[in-house]
2 protein chains.
Amino acid sequence: MDLTERKKRILRAIIENYIQSAEPVGSKTIAQSIGMEVSSATIRNEMADLEAMGLLEKPHTSAGRIPSSKGYRFYVNELMEDHKLSLQETERMNQALRMKMQELDRVLDQAGRMVAQLTSYPAFALSAGTERMTIRRFDLLMVERNAFIIVVMTDSNIVRNRLIRLPSDLSEAQLQMLNTLLNTTFTGLTLEEITPELMRVAQHAAGDAYGLISLVVSFAMEVLESLEQRRVHTSGLAHLLELPEYQSLERAQPLMSYLSEDSDPARFPVPKDDPMKILIGPENVADALKDTSVVVASYDIGEGMRGVIGVVGPTRMDYAKITARLSYLAEGLSRLFGQGELPQGRDEEK
Amino acid sequence: MDLTERKKRILRAIIENYIQSAEPVGSKTIAQSIGMEVSSATIRNEMADLEAMGLLEKPHTSAGRIPSSKGYRFYVNELMEDHKLSLQETERMNQALRMKMQELDRVLDQAGRMVAQLTSYPAFALSAGTERMTIRRFDLLMVERNAFIIVVMTDSNIVRNRLIRLPSDLSEAQLQMLNTLLNTTFTGLTLEEITPELMRVAQHAAGDAYGLISLVVSFAMEVLESLEQRRVHTSGLAHLLELPEYQSLERAQPLMSYLSEDSDPARFPVPKDDPMKILIGPENVADALKDTSVVVASYDIGEGMRGVIGVVGPTRMDYAKITARLSYLAEGLSRLFGQGELPQGRDEEK
DNA sequence: GTTAGCACTCAGAGAGTTTGAGTGCTAAAA
DNA sequence: TTTTAGCACTCAAACTCTCTGAGTGCTAAC
């Protein structure tokens, strides 16, 4: 797709104007805008060309032009300049990141909220555990005669625990035995490899404490399952209603519902190779997102896991600003997890 | 407030009709409705009386009547019959409860979602830790030469953990010593009682490992803090847009925003003594909730903590149905935490 | 105390009109 | 060959006006 320099300037002016105003842009506006020394008629001709190329479209005959999805795509790929983050912006984001550090728990959720807040668009956050996980070690801690804590740690260094109460008492020796049995039999296995047969064998070996084995192992399985099962958090939905394109309920409602039923993470795009991905309008697979754009960035959680944050908005979206902010946040989150900048180790929220 | 039997019947008919239709109710409708053997003119007279008493109001001269907040209050207190939960309803709720069992993690969040889903109204969930908490025990588990897991358990049997990595190696003996020191010095103390002086003394006693003490103790403090700090989760916001009263954006938007910025739990009412509370329109403190009703129920998390679930909706809300469902769910959640119905113990999400 | 009847009110729907931003085309100018 | 001025045309959106009908309050008769 080759365009003359002037066509590029015009296209860009139209898109940036539309991003701000959400109103179709007319030839006159463009003619007046920054240093365009030609008349509106000329612009009109150029616009007609751009329309023929599929980069612009008209809502109706007597309105101005609006960018098509293809137009946005061209803009994003070739025209867009990097948005320079202002000092205030970075300061604000740093502050948010610093605050969140205190609650390494629930990072996912928090990350989403933060993004929503800092971009003023609805945001989502999800994790993408790529590999199959296994339990690396079990620890059983006696609390009282009839209660103990299970602590399991996965091969990716995630630690989870649960308090178990028993109807009957338990001896320290039994617990010890159980502990050894678990660590020899159930470590290094994926969810599928923990078969009923294996359970039966182990229960047999456990003697008296055979009931406990299944309690502990099923907890371990729950942990593996919950870590593999990716979850999405959406936040900032209310921002949608501030946008002119969602002033009409018919448009807002389906999208809202789609974003709320966050059961299925598969519905959200995950950047594969690049750290950042932009999906414009129909490029989205999901029907409900067909006239929205989605910008996603991924960050490193460490230990073979990546987190994903993203925002959803109208195709008319300030791509430059949003990508700048999102990648800054993604980097911040990576740092937050990665190095020793902050309290090390992490234990929560896959 | 004494009403004749007939006035009560009329008021009730109006409210129940309005709850269903969201349209002002006219005298004719009522006259035709269930077994009213009088004419519409009579009803009109009665309605005028009810209006004079402040139980009804008119949106404008030539419309029907709608219940006032006072009217709803009267209805809730005196007229409302218990809604019988159908088999399908309870079955559906049981199923939801059963499903959620699997993720005792994140109960709060899940509880909210569940309520939203089962009531078709936006819902919120929050915890209300009443007492000051303390750490009951510490456990340190060696993972590698330079990494260990801290496990802390509070006096209310909540267990949290974190993986700590060190720049240098650590001996089993040191860990043992640290463990003892922690359990003798820092157990049974509230957040305030863990003073800098105490820390200094402990660090001194720890010898080589003095840096570790602060690491571990600050984790413990984070845990106490996060448990005391109450948090709110809202979900099902999109349901709002399905309701006729929120078809206009001006009305939906402020409420949405209010419910989204869920930073401050203080903004949500908590039932004090009763297990269930209904706040109608202006009875709500928050401005944004002035023309909505809020129904809250609390449930037992055990160990001195109560959880709260609630729904928000228009004042025209099917109080009978909502309260029935909410209290069923609250009970279910209590059971879920309390007895041995299900995997005992819990470890997450204050 | 109840009812029939009637005049009155008023939001909301529908039809028609106006407005103005914006277009495409043509013919002249550069 | 490109640019421009000019003009006729289009059409959504805003505005006005009228009509409709559900619903009321009041009065007088039952």
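Residues numbered from 1 in each chain as written. Chains lettered and ligands numbered in written order. Predicted model: local features only at pLDDT ≥ 70, side-chain atom pairs only at ≥ 80, totals over all residues. Heavy atoms only, no water.

**Q** Help me understand the protein's contact with DNA strand C, please; the structure alone is not making it clear to me.
**A** Taken together, 21 residues lie near DNA strand C, and Ser27 of chain A together with Arg6, Thr42, Thr61 and Ser62 of chain B sit nearest. Of everything in DNA strand C that lies within 4 Å of the protein, sugar and phosphate atoms constitute 78%. Contact between DNA strand C and arginine 65 of chain A: a phosphate oxygen at 3.0 Å from a side-chain N or O atom of the residue. Between DNA strand C and serine 62 of chain B there is a distance of 3.2 Å, counted from a sugar or linking oxygen to a side-chain nitrogen or oxygen. Of all elements in the fold, only helix H3 (40-52) of chain A together with helix H3 (40-52) of chain B reach the threshold of two or more residues within the surface near DNA strand C. (Near = heavy atom within 4 Å. Polar contact = N/O pair within 3.5 Å; in protein donor to acceptor, adjacent residues only side chain to side chain. Helix = DSSP H or I, 4+ residues; strand = E, 2+ residues; numbered from the N terminus.)

**Q** Explanation requested: helix H9 (residues 210-228) of chain B in the structure shown.
**A** An α-helical segment advances 3.6 residues per turn. Residues three or four places apart therefore align on the same side. All names here are of chain B. Taking 1.5 Å as the rise per residue, H9 with 19 residues should run 27 Å; its terminal C-alpha atoms sit 28 Å apart, in good agreement. Turning to H9, its buried residues are Leu212, Ile213, Val216, Val217, Phe219, Ala220, Val223, Leu224, Ser226 and Leu227. Along its buried surface, H9 packs onto strand S4 (135-144), strand S5 (147-154), strand S6 (159-165), helix H7 (172-185), helix H8 (196-206) and strand S10 (305-314). (Expected span 1.5 Å × (residues − 1). Buried < 20%, exposed > 50% of the residue type's maximum accessible area, 1.4 Å probe, protein only. Contact = heavy atoms within 4.5 Å.)

**Q** Got a minute to help me understand the pattern of salt bridges in this structure?
**A** Any two side chains of opposite charge can pair, given that their charged atoms come close. According to the stated counting rule, one finds 30 salt bridges over all chains in the structure shown. For glutamate 46 of chain A, the salt bridge goes to lysine 7 of chain A, with nearest N and O atoms at 3.0 Å. A residue pair is termed long-range when its members are at least 10 positions apart, and glutamate 46 of chain A in helix H3 and lysine 7 of chain A in helix H1 (residues 5-21) qualify at 39 residues. Of the two residues examined, glutamate 46 of chain A and lysine 7 of chain A, each falls in the buried class. Between glutamate 144 of chain B and arginine 136 of chain A there is a salt bridge, with the nearest N and O atoms lying 2.4 Å from each other. Remark: arginine 136 of chain A occurs in strand S4 (residues 135-144) and glutamate 144 of chain B occurs in strand S4; the pair is interchain, linking two chains. A residue is classified by how much of its surface remains accessible, and arginine 136 of chain A, at 29% relative accessible area, is partly exposed. By sharing partners, the salt bridges in this structure join Arg6, Lys7, Glu46 and Asp49 of chain A into a single network. (Salt bridge = Lys/Arg side-chain N within 4 Å of Asp/Glu carboxyl O.)

**Q** Help me out: how do you make sense of the nonpolar core in this one?
**A** In a soluble, globular protein the nonpolar side chains are often hidden away together inside. In terms of nonpolar packing, the biggest core is built from 220 residues, with Phe148, Phe186 and Ile309 of chain A together with Phe148, Phe186 and Ile309 of chain B touching the most fellow members. Residues contacting isoleucine 309 of chain A, with those up to four places away along its chain left out, are Ala111, Val115, Phe124, Ala125, Val295, Val296, Ala297, Tyr299, Leu326, Leu329, Ala330 and Leu333 of chain A. Core analysis: the next-biggest nonpolar cluster, separate from the first, contains 16 residues, Val143 and Ala147 of chain A together with Val143 and Met153 of chain B among them. (Core = buried A, V, L, I, M, F, W, Y, C linked by side-chain atoms within 4.5 Å.)

**Q** Would you mind going over the sheet that holds strand S6 (residues 159-165) of chain A with me for this structure?
**A** What links the strands of a sheet is backbone hydrogen bonding, and the strands pair in either a parallel or an antiparallel sense. Residues and elements named next belong to chain A. Read across the sheet, 3 strands follow the order S4-S5-S6 without closing on themselves; strand pairing throughout is antiparallel. Each edge of the open sheet is held by one strand with a lone partner, namely S4 and S6. Each adjacent strand pair in this sheet contributes to an overall mean axis angle of 20 degrees, direction not counted. The sheet contacts of helix H7 (residues 172-185) involve S4 and strand S5 (147-154), and relative to S4 the element is tilted by about 170 degrees. Relative to the sheet, helix H9 (residues 210-228) contacts S4, S5 and S6, its axis offset from that of S5 by approximately 40 degrees. (Pairing = 2+ DSSP bridges. Axes fitted to C-alpha atoms, helices over the stretch in contact; angles between N-to-C directions.)

**Q** I keep staring at the sheet that holds S6 of chain B and nothing clicks. Help me out?
**A** Residue and element names in this part refer to chain B. Taken together, the 3 strands give an open sheet; going across it, the order is S4-S5-S6, and neighbouring strands pair in antiparallel fashion. Looking at strand neighbours, the two that pair on one side only are S4 and S6, the edges of this open sheet. In this sheet, neighbouring strand axes are inclined to one another by 20 degrees on average, regardless of whether the strands run parallel or antiparallel. The sheet contact formed by S5 and S6 spans 7 bridges and is antiparallel. The residue bridging phenylalanine 148 from the neighbouring strand is isoleucine 164, located in S6. With respect to the sheet, H7 is in contact with S4 and S5, its orientation differing from that of S4 by roughly 170 degrees. With respect to the sheet, H9 is in contact with S4, S5 and S6, its orientation differing from that of S5 by roughly 40 degrees.

**Q** How should I be thinking about the environment of arginine 251 of chain B in this particular structure?
**A** Residue and element names in this part refer to chain B. With respect to the secondary-structure elements, arginine 251 resides in helix H10 (residues 249-260). For the pair arginine 251 and threonine 195, spaced 56 residues apart in sequence, the C-alpha to C-alpha distance is 49 Å. When near neighbours in sequence (up to four residues on either side) are disregarded, arginine 251 contacts Glu245, Tyr246 and Asp291.

**Q** I'm lost on the side chain of aspartate 318 of chain B in this one. Help?
**A** Inspection of the secondary structure assignment puts aspartate 318 of chain B in the loop between S10 and helix H11 (319-337). The residues contacting aspartate 318 of chain B, other than those within four sequence positions of it, are Ile19, Gln20 and Tyr121 of chain B.

**Q** What is the right way to read the protein's contact with DNA strand D from this model?
**A** DNA strand D sits among 21 residues. The nearest are Arg6, Thr42, Thr61 and Ser62 of chain A together with Ser27 of chain B. Counting only atoms of DNA strand D within 4 Å of the protein, the sugar-phosphate share comes to 78%. Interatomic distance of 2.4 Å between a side-chain N/O atom of threonine 42 of chain A and a phosphate oxygen of DNA strand D. One nitrogen or oxygen atom from the side chain of threonine 61 of chain A is found 3.2 Å from a phosphate oxygen belonging to DNA strand D. Going through the elements one at a time, H3 of chain A together with H3 of chain B are the ones with two or more residues in the surface near DNA strand D. The dominant element in the surface near DNA strand D, judged by the number of residues it contributes, is H3 of chain A, at 4 residues. Its residues placed into classes, the surface near DNA strand D shows 4 nonpolar, 11 polar and 6 charged. (Nonpolar A, V, L, I, M, F, W, Y, C, P; charged D, E, K, R; others polar.)

**Q** Please clarify how the packing of H7 of chain A against helix H8 (residues 196-206) of chain A should be interpreted in this entry.
**A** Helix-helix packing: each pair is described by the crossing angle between the helix axes and the interaxial distance. Residues and elements named next belong to chain A. Contact geometry for H7 and H8: axes closest at 11 Å, N-to-C directions at 155 degrees. Taken together, the axes of H7 and H8 lie roughly antiparallel to each other. Taken as a pair, H7 and H8 cross one another with a handedness that is right-handed. Touching Met177, Leu178, Leu181 and Thr185 of H7 are Leu198, Ala202, Ala205 and Ala206, all from H8. Of the residues in the contact of H7 with H8, the class split is 7 nonpolar, 1 polar and no charged. (Parallel < 35°, antiparallel > 145°, perpendicular 65-115°, else oblique. Left-handed = near helix turned anticlockwise from the far one by under 90°.)

**Q** Could you clarify how one ought to interpret helix H4 (residues 69-79) of chain A in this entry?
**A** Buried within H4 of chain A we find Gly71, Tyr72, Phe74, Tyr75, Val76 and Leu79 of chain A. Taken together, the buried residues of H4 of chain A touch H1, strand S2 (66-67), strand S8 (276-280) and helix H11 (319-337) of chain A.

**Q** It is not clear to me how the environment of valine 311 of chain B should be interpreted in this structure. Could you clarify?
**A** Residue and element names in this part refer to chain B. Mapping valine 311 onto the fold places it in strand S10. C-alpha separation for the pair valine 311 and methionine 256, spaced 55 residues apart in sequence, amounts to 13 Å. Apart from residues no more than four positions distant in its own chain, valine 311 is found in contact with Val115, Thr119, Tyr121, Pro122, Ala123, Phe124, Ser293, Val294, Val295, Met317, Ile322 and Leu326.

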